[in-house]
Amino acid sequence: MRVLVVEDERKLAVTVARGLAAEGFAVDLAHDGQDGLWRATEHPYDVVVLDIMLPVINGYEVCRRMRAAGVWTPVLMLTAKDGEHDEADALDLGADDYLTKPFSFVVLVARLRALLRRGAPERPADLVVGDLVLDPAAHRVSRGGTEVRLTAREFSLLEYLMRHAGDVRSKLDILDHVWDTYYEGDPNIVEVYIGYLRRKIDEPFQRVSIETVRGAGYRVATPRRVSPDADV
Ligand code: CA
């Protein structure tokens, strides 16, 4: 079993590496987030031990970018007890387990073995509404097999609506989930982005899949075909 340990405290990293080697693991070390991310995406590890506070790129970002690159190697995050982040953040960001420093080596090995037994987590499933397909892992959208390029915000808006396909989401729900809770700009930004999405995923394909529900919000539903010259 090959394990990558990303930890900038060299003494700790070396102690962990030696211990894991003695347990029969093949161990590689990285001492900053950039090197760790590179190794984790270039080499087929069975498991990654990832510290959070790291030079160059922090552990959360390393994990997020691994997942965005489609790397689903199980990740065990090392969190500091007095850190500003907590375990919930680690799990939200795609880690599979966490261990609070200082930790016992025996516990670390037990957790790693448990992760290895579980295997790589499953890639999140595609969201499908009619012939519209959104792949959350690869950040891709296609309609009837044709790839549609979206900006990050358009993608996140479409993902939110497709996760709630068939249900109406209000402008405020959308602002909270796609912008952020503290967004204080013009709420009409939602309409503007709905317009951008329609021009990319609906109009070129003569479909209507994003419906406006007057006074309530928006809904993604199985698309209706419309004739090219219909007024939508
Ligand atoms: Ca550290």
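Residues numbered from 1 in each chain as written. Predicted model: local features only at pLDDT ≥ 70, side-chain atom pairs only at ≥ 80, totals over all residues. Heavy atoms only, no water.

A. Broad picture of the overall build of the chain. Along the backbone of the chain there are eight helices and 11 strands. Residues classed as buried in the chain amount to 42% of the 232 residues present. Accessible area of the chain: about 12,600 Å², with a carbon and sulfur share of 48%. (Helix = DSSP H or I, 4+ residues; strand = E, 2+ residues; numbered from the N terminus. Buried < 20%, exposed > 50% of the residue type's maximum accessible area, 1.4 Å probe, protein only. Areas by Shrake-Rupley, 256 points an atom, 1.4 Å probe, with all protein chains shown as cover.)

B. Region of interest: the coordination of the calcium ion. Coordination of the calcium ion by the protein involves Asp8 (OD), Asp51 (OD) and Met53 (O), with metal-donor separations of 2.1 to 2.3 Å. Mapping the donors of the calcium ion onto the primary sequence yields the spacing D-x42-D-x1-M. With Asp8 in the loop between strand 1 (2–6) and helix 1 (10–22) and Met53 in the loop between strand 3 (47–51) and helix 3 (59–68), this pair connects stretches of sequence that are 45 residues apart. Taking relative accessible area as the criterion, Met53 reaches 53% and is therefore assigned exposed. (Donors = N, O, S within 2.8 Å, 3.2 Å for Na, K, Ca; no water.)

C. A look at the sheet that holds strand 4 (residues 75–80). Strands sit in the order 2-1-3-4-5 across an open sheet of five strands; the sheet is parallel. The strands lining the two open edges of the sheet, one partner per strand, are strand 2 (26–30) and strand 5 (97–101). Across the sheet, the axes of successive neighbouring strands diverge by a mean angle of 20 degrees, strand direction being ignored. Contacting strand 3, strand 4 and strand 5, helix 5 (residues 105–118) runs over the sheet at an angle of about 170 degrees to strand 5. (Pairing = 2+ DSSP bridges. Axes fitted to C-alpha atoms, helices over the stretch in contact; angles between N-to-C directions. Contact = heavy atoms within 4.5 Å.)

D. Structural view of the pairing of strand 3. Of all five residues making up strand 3, five are buried, and the element is well covered by its neighbours. Of the two faces of strand 3, the one carrying Val47, Val49 and Asp51 and the one carrying Val48 and Leu50 are both buried. In terms of strand pairing, strand 1 meets strand 3 through four bridges, oriented parallel. Residue pairing for strand 3: Val3 is matched across the bridge by Val47. The sheet contact formed by strand 3 and strand 4 spans four bridges and is parallel. Note that in strand 4 the partner of Val49 across the bridge is Leu76. One crossover worth recording links strand 3 to the parallel strand 4 by way of helix 3, and it is right-handed. (Right-handed = clockwise from strand over helix to strand, strands pointing away.)

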